[in-house]
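Structural overview
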Amino acid sequence: MRWLVLVLVLLSSTVRAQDFQPPGLERDSQAYAAQLTARQPAGGTPQARRQAEQRAADAGRRNDWAAVATALEARIAAGDATADQ
């Protein structure tokens with residue numbers, strides 16, 4: 001019975017953690033994306049976007065998180081970024 005209560009408590013705290021939105025997070029992320037896209041106001045070519053995505057994926061496989069961040073910044077700057085990026 002104690003284990004069941006513990007599991008239920010842990011599951012309920014996980015759900016609440018997923019709903020947590022720090023104040024200003026959306027505003028700050030939109031401002032950051034605007035700064036990145038200002039680097040290339042005309043946007044990048046589809047080839048440049050694919051290359052940045054490939055660099056991010058390759059760096060992720062190497063666990064090189066600084067390179068992942070740099071590649072994703074380049075991808076966002078190239079325009080038409082998705083929420084995953």
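Relevant structure appears above.
A few points on the structure. It should be emphasised that the depicted structure is a prediction, and the values quoted were computed from it without experimental measurement.

1. Some words on the packing of helix α3 (residues 46–61) against helix α4 (residues 65–77)
- With their axes 8 Å apart at the nearest point, α3 and α4 run at an angle of 165° to one another. As summarised for this structure, α3 and α4 are arranged roughly antiparallel, according to the angle between their axes. Handedness of the α3/α4 crossing: left-handed. Two secondary-structure elements touch here, α3 through R49, A52, E53, R55, A56, A59 and G60 and α4 through W65, A67, V68, A71, L72, A74 and R75.

2. Some thoughts on α4
- Between its first and last C-alpha, α4 extends 18 Å over 13 residues, near the 18 Å set by a 1.5 Å rise per residue.
- Looking only at α4, the buried set comprises V68, A71, R75, I76 and A77.
- Residues of α4 that are buried in the fold lie against α2 (25–38) and α3.
- Of the residues flanking the end of α4, it is G79, one or two places downstream, whose phi is positive at about 95°.

Reading the values: rules and limits
- Residues numbered from 1 in each chain as written.
- Predicted model: local features only at pLDDT ≥ 70, side-chain atom pairs only at ≥ 80, totals over all residues.
- Heavy atoms only, no water.
- Axes fitted to C-alpha atoms, helices over the stretch in contact; angles between N-to-C directions.
- Helix = DSSP H or I, 4+ residues; strand = E, 2+ residues; numbered from the N terminus.
- Parallel < 35°, antiparallel > 145°, perpendicular 65-115°, else oblique.
- Left-handed = near helix turned anticlockwise from the far one by under 90°.
- Contact = heavy atoms within 4.5 Å.
- Expected span 1.5 Å × (residues − 1).
- Buried < 20%, exposed > 50% of the residue type's maximum accessible area, 1.4 Å probe, protein only.

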